[in-house]
Structure formats: structure tokens, C-alpha cells
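If you want the building blocks of each chain, they are given just below.
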Amino acid sequence: MFVPNSFKFDNRADQVAFMKQYSFATIISAHENFPLATQLPFFVEDTGDKLLLKSHFAAANEQTKYIAGNTSLVIFSEPHAYISPLHYDKTESVPTWDYIAVHVYGKARIVEDEDAKSAMLEQMIRFYEEDYLKQWENLPDKFKKGMMKGIVAFELEVSTVQGQKKLSQNKTSAERNRIIQQLEKSEIAVEKDLARYIREIDHSKEI
């Protein structure tokens, strides 16, 4: 990822929190120089020593053949928004896009053990919808085993993390305030989220 100095996002705790908040990400792997990509929900686990990403593919997905032997890229993104030059003081300005993204790299380990696979699924259920866990536990074993045969679970150990927060840091406080006001009026949830992140820039400078 190309990250200009003004937009660096390298705080580990904040990166992990961002990945957990926007945990539906894209995993990209390559086979014979051809990229393969799948959108997946991830469970992000920071043990302190290791950063692990856990998820599962549909068993029929060809990408499952290449994640163990090669480094994959997982892209966490959102929120983002178009930024009009009408918010800027100078007329010699152009449109841009503000956004936050975290890219992580690592090799995956396929989880073969059925008990470990089941435990991983329960981790994800607790994270995404804990109330569903009781229903899952009460499902017939035959049904659950059939479902688990249809997936390939994996755990990716992160080797590299890169982040970027492009939040109009190179603009004046007054310009950012106009951007915030516009985004807060939006009916799009991620644009409202972006406004909050931009507002935090000036707040952090005041502390």
C-alpha cells in the first residue's frame, strides 16, 4: 500500500479495532500470477504475540487450494466518501476521496480438525450474533456436520500490517469542518462514520 506520510495509520490497537469494526473484508491470493479474491467475514484475534484472522470459504471455492502455500492479502476498508472541492478555500482544487483502509499480509493454515473447526465457528457466532449460538447448539449433529463439510476453515497469521487514514489532514480545520458538516447530513451510514473519524483529527490536536 502506498501511504503518504500525512495519512499514516500505524497504531496497532487502532488498526485491530478498525478491522474488528469493519470485519467483512476481501482476501486476495495468487495462482500462477493470476489473482483470486473472495469477500469473507473475519474473526480478528490479537493475542499480543500474534495477530490472527479466522474465517472460512465454501469448499468449492478454488482459492482454498492456494492460501496455505502463498502469502495472501486481506483488505479491510470502509468508511469512505467522495469529497467535493467546493469545501476548499482555493478554487484551484480538485475532487478527492477520503477513506480508511488496512491491508494485512500472511499465510493461512487450513483447519482440518473437526473440533477445532467447530470451535472456530462458535467464535464467529459469538462475535457476529451471540444470540444465535443457542440455536446452533441445538441443531441436529447430522445437519451441523453436513454444514461443516461444505466449508474450508482457515487461520491466517498476519506477518505485515499497513494502514492509511486519508481524512483531509492536508486541509485546514475550517475546510475539514465544512466536509464534516456535509458528511453528517448524508443518509449513507459509512459517510456519517467518516465524519466522526475526520472530527477526531482536530480533537486529537486539542488534547
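Structure shown above.
These notes cover the structure that comes with them. Computed from a prediction, not measured in an experiment: that's the story for all the values here. (Residues numbered from 1 in each chain as written. Predicted model: local features only at pLDDT ≥ 70, side-chain atom pairs only at ≥ 80, totals over all residues. Heavy atoms only, no water.)

1. Some thoughts on the overall build of the protein chain
Moving on, step 1. Per the secondary structure count, the protein chain includes six helices and seven strands.
Moving on, step 2. Of the regular secondary structure in the protein chain, the N- to C-terminal order runs α-β-β-β-β-β-β-α-α-α-β-α-α.
Moving on, step 3. Along the first, second and third principal axes, the C-alpha set of the protein chain runs to 65 × 40 × 30 Å.
Moving on, step 4. Put simply, the protein chain has 207 residues, and 41% of those count as buried.
Moving on, step 5. Here the protein chain displays about 12,100 Å² of accessible surface, and carbon together with sulfur accounts for 51% of that area.
Moving on, step 6. A distance of 1 Å separates the average location of the 26 positive side-chain charges in the protein chain from that of its 31 negative side-chain charges. (Helix = DSSP H or I, 4+ residues; strand = E, 2+ residues; numbered from the N terminus. Buried < 20%, exposed > 50% of the residue type's maximum accessible area, 1.4 Å probe, protein only. Areas by Shrake-Rupley, 256 points an atom, 1.4 Å probe, with all protein chains shown as cover. Lys, Arg positive; Asp, Glu negative; His and termini not counted. Charge placed at Lys NZ, Arg CZ, Asp CG, Glu CD.)

2. Overview of the sheet that holds strand β3 (residues 43-46)
Moving on, step 1. Ordered by their spatial adjacency, seven strands build an open sheet running β2-β1-β5-β6-β7-β4-β3, and the pairing between neighbours is antiparallel. Looking along the sheet, the strands with just one partner apiece sit at the ends: β2 (34-41) and β3. Within the sheet, the average angular offset between the axes of one strand and its neighbour, ignoring direction, is 30°.
Moving on, step 2. Relative to strand β4 (residues 51-58), helix α2 (residues 114-129) is tilted by about 100°, and along the sheet it contacts β2, β3, β4 and β7 (151-166). (Pairing = 2+ DSSP bridges. Axes fitted to C-alpha atoms, helices over the stretch in contact; angles between N-to-C directions. Contact = heavy atoms within 4.5 Å.)

3. Looking at the nonpolar core
Moving on, step 1. Core analysis: the biggest nonpolar cluster contains 35 residues, and Phe-42, Leu-53, Val-74, Phe-76 and Phe-154 have the highest contact counts within it.
Moving on, step 2. Breaking this core down by element, the ones donating at least two residues are α1 (12-21), β1 (24-31), β4, β5 (71-83), β6 (96-110), β7, α5 (173-184) and α6 (189-206).
Moving on, step 3. Among the elements that take part in this core, α6 stands out by supplying five residues, more than any other.
Moving on, step 4. Setting aside its immediate chain neighbours within four residues, Phe-42 contacts Ser-23, Ala-25, Ile-27, Leu-53, Lys-54, Ser-55, Val-74, Phe-76, Met-124, Phe-127, Tyr-128 and Phe-154. (Core = buried A, V, L, I, M, F, W, Y, C linked by side-chain atoms within 4.5 Å.)

Interpretation in functional terms is not warranted from these geometric data alone.
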